[in-house]
Each structure stands twice: as C-alpha cells, then as structure tokens.
Amino acid sequence: MSSLSPAKANPASAPVHPAPLRIGLIGFGCVGQGIYDILLRLPEFGAEVRRIAVKNPLKARTLPAEHFTYHADELLADPDLDVLIEVIDDANEAFRLVSAALRQGRRVVTANKAMVANHLPELVALQQNHGGTLLYEAAVCGSIPIVRTLDAYFGQEPLRSVSGIFNGSSNYVLTRMGTDGSDYAPALAEAQAKGFAETDPTLDMAAFDPRSKAVILAAHAYGVLLSPAQVLNLGIEHISATDIAYAAVESQKIKVVAGLYLLPDGQLTVLVTPQLVSRESPLYGVDEEFNGVVIEAEFAGTQFLRGRGAGGYPTGSAVLADLAALRGDFRYAYAKLRATPLAYTTDLELEIYLRTDNETLLDQLGFTDITEEADEDGYIVGYVPLDALLQHRDALRKAGAFVARTGNVRPAPAHSAASQELQAVSS
Ligand SMILES: NC(=O)c1ccc[n+]([C@@H]2O[C@H](COP(=O)([O-])OP(=O)(O)OC[C@H]3O[C@@H](n4cnc5c(N)ncnc54)[C@H](OP(=O)(O)O)[C@@H]3O)[C@@H](O)[C@H]2O)c1
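Summary of the structure given here. (Residues numbered from 1 in each chain as written. Predicted model: local features only at pLDDT ≥ 70, side-chain atom pairs only at ≥ 80, totals over all residues. Heavy atoms only, no water.)

Among the secondary structure elements, Y332 is positioned in the loop between α11 (312-327) and α12 (335-338). On the basis of relative accessible area, Y332 is assigned to the buried category, the value being 4%. Linking Y332 and I85, residues 247 residues apart in sequence, is a C-alpha distance of 17 Å. Leaving out residues up to four positions away in the same chain, Y332 has contacts with L134, L135, Y136, E137, V147, D151, H220 and D322. At a separation of 2.8 Å, a polar atom in the side chain of Y332 contacts the main-chain amide nitrogen of Y136. Looking at Y332, its side chain comes within polar contact range of the main-chain nitrogen of E137, at 3.4 Å. (Helix = DSSP H or I, 4+ residues; strand = E, 2+ residues; numbered from the N terminus. Buried < 20%, exposed > 50% of the residue type's maximum accessible area, 1.4 Å probe, protein only. Contact = heavy atoms within 4.5 Å. Polar contact = N/O pair within 3.5 Å; in protein donor to acceptor, adjacent residues only side chain to side chain.)

Moving on to the packing of aromatic side chains. Under the counting rule described, the total for this entry stands at eleven aromatic pairs. Ring centres of Y172 and F196 lie 5.0 Å apart, and the angle between their planes is 55°; this geometry places the pair in the tilted category. Within this pair, whereas Y172 is found in helix α6 (residues 168-180), its partner F196 is found in the loop between α7 (184-193) and α8 (202-205), the two being separated by 24 residues in sequence. Look at Y172 and you get buried, because its relative accessible area is 2%. Residue classification places F196 among the partly exposed residues on the basis of a relative accessible area of 26%. (Phe/Tyr/Trp six-rings, centres within 6.5 Å; stacked < 30°, edge-to-face > 60°.)

Below, the discussion takes up unusual backbone geometry. In this structure, S251 is a non-glycine residue whose phi angle is positive, near 55°. Residue placement: S251 occurs in the loop between α10 (241-249) and β9 (253-262). Since its relative accessible area comes to 35%, S251 is described here as partly exposed. Located in the positive-phi region is E288, a residue other than glycine, with phi close to 55°. By the secondary structure assignment, E288 is in the loop between β10 (268-277) and β11 (290-297).

Below, the structure written as structure tokens:
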C-alpha cells in the first residue's frame, strides 16, 4: 500500500471544539463596541455576547434595544455567563462590579487602568481568596502585549528597566508640535477631533493615565505594589515652542516617558514625566498616537514593542487575547510579588529642564546643581530632589511651569559620598 494514501479520519483525534464562551459585556462604548465587533468577525473563536449592560437608556445604539440592560448587577446575578468583560468609564463603579464578580469566584476581563492601579492589592487578594481570575492586558498600552509578557515571560528574570510611551493622546500632541510646529492648543484640538483625546484631556495631558499604567507594570515587572500618588507624574499642559526648540538643538524630542528603573543599589524608582529623548532611543521614533515599551532585561537584553495604545479595535484585540487566555485557564502568576519585596525609593536627584517665571517655585524646588540657565527663555537645567518635585507637582501645574527630565539621575547627597551619576535613564 502506498504510504501516500490518505489517512482515514480517526474520530478519536478529531478537533474538539470548546463550548462557546458565554460573555456578559458591561459597557458598550469605544472598547465595548470594539470587542463586540471583533467577536462577530471571528465566529471560529466560539464566543457569544449573551448580555450587554450600559447606563443611559436614551442613547442611540447600533443594536436593537432588547440586547441591553441598564442594570449591570443583573449580569453579576446570571450564573450562565462564563466571563464578564468590564469596559465602563467609571472607575469606582468598575471596582464595585469587578470586586463583586471576583468575590463570586468569576472570571473577569477589564480595560480600566485607573481601577486596577488604585485597587491592585485588593484585586490580587480577591483572586487568591475566592478563586476567580482577573486579566487586564487592555488596561496598559492597548494592543501591546506587555502585562502578560512581563508577568509570564519575564516572571523570573530581573529587569533593569521598563520604560515607554504609555499614552497615545499626549504623544499625538507632541508629534504635531514637533513636526508641524503647531502650538499646544490647536494640537490638542486636533487630537480631540480625531478621537485620540478625551473632551476633558486632564488624565492624558497631565500624565495621570500613564502613571496608572506604570503602577500596574511595577507589580508585574518588579513585584512592587505602589499607590499612584507615590509616583511622580508631570504632564505637557504647559509645553511651548521654546521647549520643543530646546530639545531640537540637540536633535532630541520631548516624549512623555513612563519609566520603571532598578537602581544600582537594588531599589526601584518610577517616574512619569516629559523627557528629552535622543535619536538612539527606540522611543524616538514612536510618534503620533502610538505607544512603545522598552524592556531592559538582565539576560535577554533589550526588547522593544511598539503598537497602537488605544481605539476600539486595538484595545478589543487585547480583550480578545485575555478571553483566549482565560479559556486556557491562564491567570497572572504575580511571581515577583511572591519573591522578596524590592524597596521603592524617591530619595534621588533628577536632572531636569524647567521653564517657569515663578521665582518662589524655583526656591522651593531647591536646585542642588545648575547645569545651564537661559534668562531670556526663562529656563534652567539642573539637579533637584525628586521628593521636592513630588511635593510641588500641583504647584508646578498651577504655575504653568514645564518640566522635562534629561534622563540623568543620581542618589540624594546624604546617601552618597561619591554622588556619582547612577545611570542615564534615557531610553
Ligand atoms: N477608548 C480607548 O481607546 C481605551 C483604551 C484602553 C483602555 N480603555 C478603558 O476602557 C474603559 C472604557 O473606555 P471607553 O473608551 O470604551 O469608554 P466610553 O466610550 O465612554 O464607553 C463607556 C461605556 O460604559 C458604559 N457605562 C458607564 N457607566 C456604566 C454603568 N454604571 N453600568 C453600565 N454601563 C456603564 C457607558 O454606557 P452608555 O453607553 O449608556 O453611556 C458606555 O457604554 C475605560 O476604563 C477606559 O479607560 C479605553
């Protein structure tokens, strides 16, 4: 008999199609509609959105009214739903719903970074105590698979840094200012018109949003649970053409960089601020509404991921990946949370570029070294204590000041006789 004769179908080895995943979808806005459409386009994935909860009964919908309920608690009470997807725009209500679902031992996917960042210790404990699972790949950098990469792939390997552009709206504004010479206000208006920025842009432009994402990654990359307020966030609301021009003289760009840095003394620091980024950095070319993440791993070396950080389909893509992971019984290992905890420090000095006309603020920040000063443009470059920036971040915003870090960091003088630079954290 020819060895090429077709093999007879063996019923025992025929592919077994898993039972359809029955989904309860809470929220049907940009992300909710995105994941709904994706699942419709992938019938072979075998998931079915059984129920959808929204808030406003008067809103026009793309689906008939009978698809919707206005009481998300009904989905919590439905034992026939295998997975709940929470994609609403209210972080407090999201926590109420997600924590109730986890208390029932349910499987939940969320995209809500503020909710996860504000409640991570409770969310981890709820999973441990009640056996449920929470996945939130969509909460950090949209389509970029960074949470699972850090948790599962780099769960054992020490990481020197994880840094990146975690907010597409502010990156879009900076790109318009840098490439078209646009001022801040029209660049922001354009971002809003294209749907890249919210009507209230504060969370994005004042760097609260990337700070939430940095807090989430600190747990997976370093096993450090932080509250968002511990992390310095400075934004671009007061950036001007002077600042863009200052960066351009050295062929640099200003980007809002969220950076998690393991310092040589073994402590972790996290900073979310505008930064002068040189051509050599992989982040230099991450423009428009894109996000990018650079991982500096002890053994793997440098890795770089770039992709769309927002939008219904890119974010829905991350939700889809989480659904597939749940089907395979994946859960975050939080391996580094279980290891010996790393200490978190803000006892550092950062070299910053500061443009302000507020003399009081200059005194309060307490520059320890001045590298450069230009009275006519109103800027100063030098080292300031990170704790002073944390203490005065609201005052900096109110005073209309603009701050960018150069990437140089050094220990606070009391802790270092040598006071040498720790490292240039410029990626
Ligand atoms: N948009 C993005 O690109 C993106 C990217 C990553 C992560 N995220 C996160 O994903 C989440 C959703 O964002 P989105 O842009 O899709 O928001 P969105 O377009 O504003 O939609 C929010 C949805 O939540 C519903 N909702 C609000 N409160 C509710 C409640 N109490 N019960 C039931 N439904 C409620 C709203 O109902 P109505 O329709 O009745 O108003 C709406 O359908 C947020 O946490 C956001 O931070 C968004």
